[in-house]
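Topology and contacts: notes
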Amino acid sequence: ALLIPSVRPLSGRRAVVTAGPTFEAIDPVRGLTNRSSGKQGYAIAAALAEMGATVTLVSGPTGLPTPRGVDRVDVESAIQMQAATVAALPADVAVLSAAVADWRVDTVAGGKIKKGPGGPPTLALIENPDILAGIAAPGPDRPRLVIGFAAETTDLEANARAKLSRKGCDWIVGNDVSDDVFGSDGNAVILVNRAGTESWPRQSKADIARALVARIADHLAITATG
Ligand code: CTP
Ligand code: CA
């Protein structure tokens, strides 16, 4: 049966979602990136919009179609992603699922770096800004609910809990990426917050998105200020 929700619990709420990898240029033809597909973040943006929220999706390069009803802003670098995310505030909820490159090259070469007798170039890297920590920092524009992700290959819960406190966000969705998550349609996650840890069974990224958005709606209803 086709279920048309008669109540859209996030009507009037604003959400910002980051998704996908970032791409950090090395020169005009090369860059640093990672294997994030963006699927989980896109599914969350879609579910938020289905529940009535006004959604800005700040996306790295993914090749995915824009979910229905979502306002999408395309970016490449972490610096661009941070600017677009801050520009989407104020919001009631921020879901920062992007796999932001931790480093970028200090100086992007203006022309293509050529091979030569001197051997391979040495790339000097500098750390990118932490978008999640910035959004979660106290201030007038801080969303009421700030959610981050933790992709780990070991010690999932401990690492997720450490990120919760280090970044100052409200919830962390942790997933074990030691097997078959990137580009896959399925995922198994834990939800970590100050109340404890929940383990969610392996399910589709769409179902995880719907479950997470249902929790977001509950939380915003409980803590509603207007
Ligand atoms: N994140 C971010 N900006 C960064 C790095 C990470 O906003 N520069 C966000 C991600 O979108 C994610 C969360 O922080 O929601 C955790 O990302 P992760 O890469 O797991 O954390 P890091 O602090 O970068 O730690 P690690 O050394 O494990 O990569
Ligand atoms: Ca990282």
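Residues numbered from 1 in each chain as written. Chains lettered and ligands numbered in written order. Predicted model: local features only at pLDDT ≥ 70, side-chain atom pairs only at ≥ 80, totals over all residues. Heavy atoms only, no water.

1. A closer look at the pairing of strand S13 (residues 196-199)
Sheet faces and side chains relate simply in a regular strand, where the side chains alternate between the two faces. Spelled out, the test is: Being paired, for any two strands, means DSSP has found at least two bridges between them. Secondary structure elements are defined from DSSP: runs of H or I of at least 4 residues count as helices, runs of E of at least 2 residues count as strands, and each element is numbered from the N terminus.
Alignment of strand S12 (residues 189-193) against S13, held across four bridges, turns out to be antiparallel. The residue of S13 that forms the bridge with Leu191 is Glu198.

2. Describing the coordination of the calcium ion (ligand 2)
What counts, and what does not: Metal sites are built from N, O and S donor atoms within 2.8 Å, or 3.2 Å for Na, K and Ca, and they leave out water, so they may look incomplete.
Here the calcium ion (ligand 2) is held by the protein donor atoms Asp102 (OD) and Asp102 (OD), which lie 2.4 to 2.5 Å from it. Relative to the elements of secondary structure, Asp102 occurs in the loop between strand S6 (93-96) and strand S7 (103-105).

3. As for the UniProt feature "binding site: CTP" (unreviewed entry) in the protein chain
Using the following cut-off: UniProt positions are given in the numbering used here, feature names are shortened, and annotations may be inferred rather than shown by experiment. By definition in these notes, contact holds between two residues if any of their heavy atoms fall within 4.5 Å.
In the numbering adopted here, UniProt assigns the feature "binding site: CTP" (unreviewed entry) to Asp102, Lys112, Pro129, Asp130, Ile131, Leu132, Phe149, Lys163 and Lys167. For this annotated set, covering 66 residues, the C-alpha atoms extend up to 37.4 Å from each other, a dispersed arrangement in space. Not counting residues up to four positions away in its chain, the partners in contact with Lys112 are Asp27, Pro28, Val29 and Arg30. One can find Leu132 in helix H3 (residues 131-136).

4. A look at the nonpolar core
Heads up, the rule is: Among buried residues, the Ala, Val, Leu, Ile, Met, Phe, Trp, Tyr and Cys ones that are joined through side-chain atoms within 4.5 Å form a nonpolar core. Here the term buried applies to any residue with accessible area under 20% of the maximum for its type, exposed to any over 50%, and partly exposed to those in between, with areas from a 1.4 Å probe on protein chains only.
Formed by 31 residues in total, the largest nonpolar core has its most connected members in Leu48, Val55, Val93, Val95, Ile147, Leu212 and Ile216. Within the residue set of this core, elements represented by two or more residues are strand S1 (14-19), helix H1 (39-50), strand S4 (54-59), S6, strand S9 (145-152), strand S10 (171-176), S12 and helix H5 (205-222). When neighbours within four sequence positions are excluded, Ile216 is seen to be in contact with Leu48, Val93, Val95, Leu145, Ile147 and Trp171.

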